Amino acid sequence: MQTKTLHKRLDQKQENLKSLLDMQDDVVFKEVFIPGYESTGLFVFVNGTMDYPAFNEIVLDLSAAQVETNHPISIEQLVLSKICPVREQDIETYEKAKEYIFDGKTLLFIDGIVTGYVLNLEKEKIRALSEPSTERVVRGPKIGFIESLQENIGLIRQYSSHPSLIVKQHKIGTMEKREVALIYYEGKASDSLIKEVNQRVNEVKATDLQDSGMLEELIEDTAFSPFPQIQNTERPDKVLAALQEGRVVIMMDGSPFALMAPTTITMLLQSPDDYYERWVAGSFLRALRYFSLFVTVFLSGIYISLVSFNPGLLPTELAMTIAGTRENVPFPPFVEAIIMELTIELLREAGIRLPSPIGQTVGLVGGVIIGQAAVQANIVSSLMVIIVSITTITSFTVPQYSFGLAFRALRFGAMIFSAVLGLYGTTLFFIIVISHLSKLTSFQEPYFQPMDFIGKKTWKDAFFRLPKRKKGGNILESSGRQNS
Amino acid sequence: MKRLWLILLIPLLSSCWDSHNIEELSLVVGMGIDKSKKKNEIMLTEQILVPPGNSLQENQAQLKYKNVTVSAKTLHEAIRDSLLITNTVLTNHQRILLINEDVLRKIPMEAIINQSIRDNNTRRSCLVYLTKRPTREILGLADYGEIPSNVIYELKDNVKRTNKILPPLTLGNASSSLQSDGSFAIQGVEIKGKKLILEGAGVINNSKLVGVMNNEDIASLNWLNGEVKGGIIEAVHHGNPFSVEVIKRTKRKVTTELNGDHLTINVKVGYTTRLSEDWYGKENSFKKSYLKDAERVAEDKVEEDVEEIVWKLQHKYKTGVAGLYRYVENQHPKFWEKNKNKWDEIFSNADINYQVDLRIIDFGSKGGVK
């Protein structure tokens, strides 16, 4: 397409623009007569992006304009003075005009003037701020991010007025451009980290993204790991805490989820209300979460290995009970476990996909009826149902949904290893998971810290949440990263 | 690279050969060893748990255990022979091992428990008991559907309440005792009135059964060994019986003196006790002298009993069941080194002085009559 400069006459302009945009029915042409100068203006915009009250004001202003006899001004000067608050740019070609129209801007052409004016009369469609639905807390701020980047940054700026909070914006995408913002505290985030994040975000510039989840996958260290290497959150308080710890926060327009890098495994198991509640309760809940993580991955595996390989390790009475419940079950424990685990995963998936009132019913019907019927029909043993229920419940205690998903998947690995090699296999799987975690990095920082070395200072915020000291500032800082 | 993955998958395909589901195993809780009718063979009775069924009605109908009896020359052969009758045997959960007296009179105990000790599956914490009746009869006693092995096993906890039970003898203890001085006592099990009871004990010396003791002897032996953890001392004062319950041991001191080849062992023990019953109508426990008198009577009773068991050990069984050899070994190592093979003889000729100090620190919620 050649560049074509705008015509001087309005009807020619309109004709050309119409032929350029012939397929688009939602492009609106609106003429306005400026009586003082006996001239005509033309507004071109895409219907639906227009902020009509602001538009009306300008139209009223223009049509009411009179020629001042004392100081006559040209029509160009008049228009410029009227549109000054919303004017963004001037254009000379039809191609530019088309581009701006679809960017949501409003164009104004005046008969007799070649230049077209780009007006920003855009109205952003956003929902109201509400409680974050994926990360609820009992006590703590109840505000969450929304899909508008500018609103989200405004939210962060509102709570952190420090001038060293830096917001850097990039545009990503080929067809649809999305704003991506890198946010960090200058001086707290290390230079190498900022460089690394910048570089990775630049590398994915030519990709169209719908959500920060897609960005996350493109900039993380390795995609071949079940563990998320970047934490996401909907909560401004979590983002602020991460900023203070010297992390870089990446936010994308159109996604309410902020990414925080680098991420460590302990971060994923901390919930903000650990810090808002009293420390004893916070520590207890945090320790409970680590325990439930272990149960999620290994309980079914341990059951399988105890029942089919090492029954001598069970207490005698328990061995009797288990043998009793398994008496008429036709499958080996592994098959039994796979059947039940898959059923539960299916129910869970169905529950998420269905509309919420039906979803709950499915959960109930599936959980209670299938479980009960399967036991009565001797397809699975009652103990297996209990174990599967426990592992399912414990997998929900992980504050980070994506992290919980990783462990749900790993559970099947543990079950296979146990079914093949017994308790030895379970131990082997544990070692494999731990060594993988130790090898993993998030933005070139160890993922497994601070568990990689022993010291009271680093551990006291990992497994437990010990009381804050009044001196020495924020507990989050002392938990901090070693190289920031 | 693709081939490497296939190689790594081979272990998965070859898997599961150790896999054996729990419901297909025979969980053995108890074993009994008798003499077989066939010559030179022993008879093994295995008590196998039968898992309860799912429905309630099934539960009431069926027994909770089954017994399998086979006979063979060695214990392991017998266990393997039992596989002709029942599922694969799992002895991890074995709780008791019953041995018939007749077996121990003929075959050394070392040989009888050899397989169980050698085998990693049978726990060293499995308890060993002696029976006068055939073990098959004892393990076959269905008392209200309870599992005989469990009944016997659970009685061991009563050692804190009565002193007429020997402290539980585990397979590991038995093995280590056989390795050292080879002399110890085994708790006996009997059937009385269609009930299983712990009664009597056998004295083992050099792997052989050399004698049996009654319940009173067991109590006295416990006093001598310092193994009393509870139980009652019965005595008579002012012509009326009274009983004193043992609370806690406060001290035990064993000193040995050597005079040439003659050994003197002094045992001093102290216990706190409680006046738990008193039939004397004019009691006045609020008076210190009254309690002191009762203490003295009880002490005399205990010392008398101990004297009797010492006499029995020295002259009837001629063996130092009491484990006093350790003190000689520690306090006179040179003498022990020279004479350890003659320990039974030395013990039999030794002077044993036993002194007990009972202190009544409590007399409950009644102390006198107005």
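Conventions we followed
Residues numbered from 1 in each chain as written. Chains lettered and ligands numbered in written order. Predicted model: local features only at pLDDT ≥ 70, side-chain atom pairs only at ≥ 80, totals over all residues. Heavy atoms only, no water. Domains from an automatic or database assignment. Contact = heavy atoms within 4.5 Å. Buried area = accessible area lost by both parts, 1.4 Å probe. Pairing = 2+ DSSP bridges. Helix = DSSP H or I, 4+ residues; strand = E, 2+ residues; numbered from the N terminus. Axes fitted to C-alpha atoms, helices over the stretch in contact; angles between N-to-C directions. pLDDT = per-residue confidence, 0-100. Core = buried A, V, L, I, M, F, W, Y, C linked by side-chain atoms within 4.5 Å. Buried < 20%, exposed > 50% of the residue type's maximum accessible area, 1.4 Å probe, protein only.

Some words on the domain arrangement of chain B
Residue and element names in this part refer to chain B. Looking at chain B, the domain boundaries give domain 1 (24-213) and domain 2 (216-370). The interface is formed by 24 residues belonging to domain 1 together with 23 residues belonging to domain 2. Of the roughly 1,800 Å² buried at the junction of domain 1 and domain 2 (both faces included), carbon and sulfur atoms supply 57%. Together, N163, D181 and M213 form the three largest contributors to the area buried by domain 1 at its contact with domain 2, with a combined 34%.

Here's the deal with the sheet that holds strand 9 (residues 248-252) of chain A
Residue and element names in this part refer to chain A. Taken together, the five strands give an open sheet; going across it, the order is 6-7-9-10-8, and neighbouring strands pair in antiparallel fashion. One side of each edge strand has no neighbouring strand; the edge strands of this open sheet are strand 6 (165-172) and strand 8 (231-233). Strand after strand, the sheet turns through a mean of 25 degrees between neighbouring axes, direction not considered. Examined bridge by bridge, strand 6 and strand 7 (residues 178-185) share eight bridges and lie antiparallel to one another. Bridge pairing links H170 to V180 in strand 7. Docked against the sheet, helix 5 (residues 149-159) engages strand 6, strand 7 and strand 9, running at close to 170 degrees with respect to strand 6.

A look at the confidence of the model for chain A
Residue and element names in this part refer to chain A. When pLDDT is averaged along chain A, the result is 84; 94% of the residues meet or exceed 70. Within chain A, helix 18 (residues 475-478) has the poorest average pLDDT of any element, 42, and strand 9 the best, 93. Predicted confidence for residues 471-484 stays below pLDDT 50, and this span has 27 contacts to residues more than four positions away or in other chains.

Quick notes on the sheet that holds strand 1 (residues 27-34) of chain A
Residues and elements named next belong to chain A. Ordered in space as 1-2-4-5-3, the five strands form an open sheet in which the pairing is antiparallel. Where the open sheet ends on each side, the last strands, each with one partner, are strand 1 and strand 3 (87-91). Recorded for the sheet is a direction-independent mean angle of 25 degrees between the axes of neighbouring strands. Judged from the four bridges that link them, strand 2 (residues 39-46) and strand 4 (residues 106-110) form a sheet pairing that is antiparallel. Paired with G41 across the two strands is I110, which belongs to strand 4.

Looking at the nonpolar core
Side chains that are nonpolar tend, in soluble globular proteins, to be buried together. All names here are of chain B. Formed by 47 residues in total, the largest nonpolar core has its most connected members in W223 and Y354. Of all the elements, helix 11 (residues 288-317) adds the most residues to this core, at 10 residues. Each of domain 1 (24-213) and domain 2 (216-370) contributes no fewer than three residues to this core. Setting aside anything within four residues of it in sequence, one finds Y354 in contact with W223, L224, V267, V269, V302, E303 and V306. The next biggest cluster of nonpolar side chains, apart from the first, holds 31 residues, and it includes M31, I42, V89 and I186.

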